[in-house]
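Below are the chains, spelled out letter by letter.
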Amino acid sequence: MRQSSELPFYDQILTATVAGVTITYSQFGKGNIAPDTATVAGWISRSPSGHGDLTMRPFDAARQLGIDVKTFSGTFCQVMSQQYPNLPAEYQPDGIYPNAYYKDVGATVGDVLAGYEAAGPAYGSSDSGVGKTVIIDYSSPNIAKPFGVGHLRSTVIGNSLYRILTKVGYKCVGINHLGDWGTQFGKMIVAFKKWGSEDVLRADPIHALFDLYTRFHREAKEHPELEDDARSEFRLLEQGDPEATKLWQRFKDYSLDEFNRIYDILGINFDHHTGESFYNDKIQPVLDELDQKGLTTISREALIVDLEAHKLGACLLRKGDDATLYATRDIAGILYRHENFGFEKCLYVVGAAQALHFQQVFKVIELAGHDFHKGLVHVPFGWVRFEDRAMSTREGNIIFLDDVISKATELAHDIILEKNPDIEDVDGTALAIGVGAVVFSQVSVRRTKDIDFKWEAALSFDGETGPYLQYTHARLCSLMRKYGKELPAQINYALFGEPEEMDLSIESASYAEKIRHAAEEYEPFVIASYLINLAQKFNAYYQKHRVISDDTALTDARIKLCDLVRFVLGDGLRLLGITPLERM
RNA sequence: GCGCCCAUAGCUCAAUUGGAUAGAGCGUCUGACUACGGAUCAGAAGGUUGGGGGUUCGAUUCCUCCUGGGCGUACCA
């Protein structure tokens, strides 16, 4: 259900509509069948373009009355116009729909602008999350692998959700659950001992580690016994073997340096970097607890929780050689997080391929009798593919994020020099644009969609892209600079008369609702899509109507509206993790 | 084999969660800078929503079958 909406005059129209519906019901001889306000609120929404401003779904009402929708809508509109001649909107039937049309552009735009004036920088915020903590587990790259565009998605989506959920009132805790433990480190250790070189590792750690990792998998195809070596190296590591631990620490340090450099470029922060290894000494008590509750069994030499009864197979906790698995560490992680943060929700921004894993882990928590299992949410996303194949570090089919960002930045640099060579910080601006394009590419489709990585698309700055939004924002800032004065406290709303102005203000007024929607669905795309729409509307308006003119009163009014759009675009870009620019 | 996901314009994606004439961008074609940023805007062309059947006032959306693809399915994460 929508909350009391930011749409113009929504509350007034809703109240009148509730009364109008009641009267209409009575007219059909059904007595006073009065739907409550909340119910009617669910019926009212913005009209699709070309059908007025607000509309009401007539189906439920008509069904309850046992009449056809067209008759209902006609009668309803008649009742509304007779009973509420002073309402700021007028109802007119359009086929089966009773549509509301705002009568007065000035009053409508004014109502929106007054809302913006009152809210200030908090515009768009709401309070559904106030007093609640949400943990967001995102990015979580595997150490000892280069940061590819595949890792980008979790990072970008998680970071954006962090900002969106903060905007609806949650206290967010961002955790980078680094993949710094597990058999993969056994592999790295084996590979380094066999083929590694100190000099190469020191000179270019990231590529050296990447080469070792891919070489391991290449060689393991011919020599499967390498896998056994890796497993026993990991077992040694888990038992605290000094030599293995030392190597592991070095791999981890090198990788972290690299990751932090990239997070810095992307402008992404975490509250905690507690990776898988963090839980190493917290595993045994968890296993004891599960054992005590009678959940564990031994099967084929491994310690498992049998979830066959729930059609979830088996959740492995300990391998035959006693080493732990990622499920074990995730379970320990959940218990640790609940104890230390007391979360309302705990989100895992992790690829869809791991759906079963999380179902299993969550089920184990549930079976252990922890009712906070209800707050555990897997927020899945699709693959990033390249040339029709899944990107796979193992096979070396990977695009380095670094390369993507530097190419995009280079291109942005060229365009700036061509179009706007005088701006102060060319390098910084080019970087913001390059990153903006890359980040936007990750939120420009719904999460669950697979993305085909194409250089052409990643390097496009035209149309529905991050730079398009940044450009629109920069234009608005440029307009403000040209205006050059403080925004007026008082403006004459009656000067608004263009349909584009009404459209633009109503669109801006939907911002808070879009944020709530994005927060409910854990879907940054909702914001991205909304901003594109808003920017398109602004650009169309801007092309068609002069904002700054000799008419100072009209200029003041229009500037005020433009300032609202500027704010929403800038604020929305930040929610996505993209830097709004003032010049570009 | 079993389970989950996907299929919409030439391409990449939307569609207020079952509602009005299925909409955007890219690409193609035609236009707009002696006015606030042309990384822009206006317009045109482009569709049997993979296929069949069903549910109902109404289906891109829900059910079923088929085709085509992806992922998962015990010691990787």
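Residues numbered from 1 in each chain as written. Chains lettered and ligands numbered in written order. Predicted model: local features only at pLDDT ≥ 70, side-chain atom pairs only at ≥ 80, totals over all residues. Heavy atoms only, no water.

1. Regarding the overall build of chain A
Then comes step 1: Within chain A, the regular secondary structure consists of 22 helices and 14 strands.
Then comes step 2: By its C-alpha atoms, chain A is 85 × 65 × 40 Å across when sized along the principal axes.
Then comes step 3: By the burial criterion, 54% of the 584 residues in chain A qualify as buried.
Then comes step 4: Looking at chain A alone, contacts between residues at least 24 apart form 76% of all its contacts between residues at least 6 apart.
Then comes step 5: In the structure as shown, chain A presents an accessible area of about 25700 Å², 48% of it carried by carbon and sulfur atoms. (Helix = DSSP H or I, 4+ residues; strand = E, 2+ residues; numbered from the N terminus. Buried < 20%, exposed > 50% of the residue type's maximum accessible area, 1.4 Å probe, protein only. Contact = heavy atoms within 4.5 Å. Areas by Shrake-Rupley, 256 points an atom, 1.4 Å probe, with all protein chains shown as cover.)

2. Some remarks on the packing of helix 6 (residues 149-167) against helix 16 (residues 426-443)
Then comes step 1: Where helix 6 contacts helix 16, the axes come no closer than 9 Å and their chain directions differ by 85°. One finds that helix 6 runs roughly perpendicular with respect to helix 16. Note on element contacts: helix 16 touches helix 6 through Val438, Val439, Gln442 and Val443, opposite Leu152, Arg153 and Val156.
Then comes step 2: Within the contact of helix 6 with helix 16, the residues separate by chemical class into five nonpolar, one polar and one charged. (Axes fitted to C-alpha atoms, helices over the stretch in contact; angles between N-to-C directions. Parallel < 35°, antiparallel > 145°, perpendicular 65-115°, else oblique. Nonpolar A, V, L, I, M, F, W, Y, C, P; charged D, E, K, R; others polar.)

3. A few points about the sheet that holds strand 8 (residues 302-306)
Then comes step 1: Strand order in this open sheet of three strands is 7-8-9, and the pairing throughout is antiparallel. Each edge of the sheet is formed by a strand with only one pairing partner; in this case those strands are strand 7 (296-299) and strand 9 (314-318). Taken over all neighbouring pairs, the strand axes of this sheet differ in orientation by 45° on average, direction set aside.
Then comes step 2: By the bridge criterion, four bridges tie strand 7 to strand 8 in an arrangement that is antiparallel. Across the sheet, residue Thr297 finds its bridge partner in strand 8, namely Ile304.
Then comes step 3: Packing of helix 12 (residues 283-292) onto the sheet brings it into contact with strand 7, strand 8 and strand 9, and relative to strand 9 it is tilted by some 135°. (Pairing = 2+ DSSP bridges.)

4. A few points about the sheet that holds strand 5 (residues 133-137)
Then comes step 1: Pairing within the open sheet is parallel, and its four strands lie in the order 6-5-10-11. If you trace the sheet from one side to the other, it starts and ends with strand 6 (171-175) and strand 11 (376-379), each paired once. Sheet twist, expressed as the average angle between the axes of neighbouring strands with direction ignored, equals 20°.
Then comes step 2: Here strand 10 (residues 345-349) runs beside strand 11; their pairing, made up of four bridges, is parallel. The residue bridging Leu347 from the neighbouring strand is Val377, located in strand 11.
Then comes step 3: Strand contacts of helix 14 (residues 355-367): strand 10 and strand 11, with the helix running at about 180° to strand 11, the strand carrying the most contacts.

5. Some details on the layout of surface pockets
Then comes step 1: By volume, the largest pocket amounts to about 1400 Å³.
Then comes step 2: Those elements that provide at least two residues to the lining of the largest pocket are helix 6, helix 7 (183-195), helix 10 (225-238), helix 13 (326-341), strand 10 and helix 14.
Then comes step 3: Among the elements that line the lining of the largest pocket, the one with the most residues is helix 6, at four residues.
Then comes step 4: Classifying every residue of the lining of the largest pocket by side-chain character gives 16 nonpolar, 19 polar and 11 charged. (1 Å grid on protein atoms, 1.4 Å probe; cavity = no way out; pocket = protein on both sides within 12 Å on 5 of 7 lines; lining within 4 Å. Points joined across faces, edges and corners; volume = space filled by probe spheres on them.)

6. What about the pairing of strand 11?
Then comes step 1: By the alternation rule, side chains of strand 11 split into Leu376 and His378 and Val377 and Val379, which are all buried.
Then comes step 2: Read as a crossover between parallel neighbours, the route from strand 10 over helix 14 to strand 11 is right-handed. (Right-handed = clockwise from strand over helix to strand, strands pointing away.)

7. Some words on the pattern of salt bridges
Then comes step 1: Under the counting rule described, the total for this entry stands at 28 salt bridges.
Then comes step 2: Between Lys193 and Glu233 there is a salt bridge; the shortest N-O distance is 3.0 Å. Separated by 40 residues along the polypeptide, Lys193 in helix 7 and Glu233 in helix 10 bring together distant segments of the chain.
Then comes step 3: Overall, Glu233 belongs to the buried group, its relative accessible area being 12%.
Then comes step 4: The residue Asp281 makes a salt bridge to Lys282 at a minimum N-O spacing of 3.0 Å.
Then comes step 5: Its relative accessible area of 24% is what places Lys282 among the partly exposed residues. (Salt bridge = Lys/Arg side-chain N within 4 Å of Asp/Glu carboxyl O.)

8. Overview of the confidence of the model for chain A
Then comes step 1: Averaged over every residue, the pLDDT of chain A is 92; the share at 70 or more is 97%.
Then comes step 2: As a predicted assembly, this complex carries a pTM of 0.95 together with an ipTM value of 0.96. (pLDDT = per-residue confidence, 0-100.)

9. Let's talk about unusual backbone geometry
Then comes step 1: Positive phi outside glycine occurs at Ser140, with the angle close to 40°.
Then comes step 2: Structurally, Ser140 can be placed in the loop between strand 5 and helix 6.
Then comes step 3: According to the relative accessible area criterion, Ser140 is partly exposed, its value standing at 22%.
Then comes step 4: Of note, the phi angle at Tyr522 is positive, near 50°, even though the residue is not glycine.
Then comes step 5: Checked against the element boundaries, Tyr522 lands in the loop between helix 20 (511-521) and helix 21 (525-544).

10. Section: the side chain of Thr429
Then comes step 1: One can find Thr429 in helix 16.
Then comes step 2: Here Thr429 is in contact with Ile416, Ile423, Leu581, Arg583 and Met584, once residues within four sequence places are set aside.

11. Examining the packing of aromatic side chains
Here a ring pair, both rings aromatic, is described through the centre-centre distance and the interplanar angle of the planes.
Then comes step 1: Evaluated as defined, the whole model comprises 25 aromatic pairs.
Then comes step 2: Their ring planes at 90° and their centres at 5.0 Å tell us that Phe278 and Tyr279 sit as a pair that is edge-to-face.
Then comes step 3: Judged by relative accessible area, Phe278 falls into the partly exposed class, the value being 27%.
Then comes step 4: For Tyr279, a relative accessible area of 0% translates into the label buried.
Then comes step 5: Summarising the aromatic geometry, the rings of Tyr279 and Tyr336 are spaced 5.7 Å apart at their centres and angled 75° between planes, so their arrangement reads as edge-to-face. Of the two residues, Tyr279 is situated in the loop between helix 11 (242-266) and helix 12 and Tyr336 in helix 13; the sequence distance between them amounts to 57 residues.
Then comes step 6: Pairwise contacts between aromatic rings join Tyr138, Phe147, Phe259, Tyr263 and Phe270 into one cluster. (Phe/Tyr/Trp six-rings, centres within 6.5 Å; stacked < 30°, edge-to-face > 60°.)

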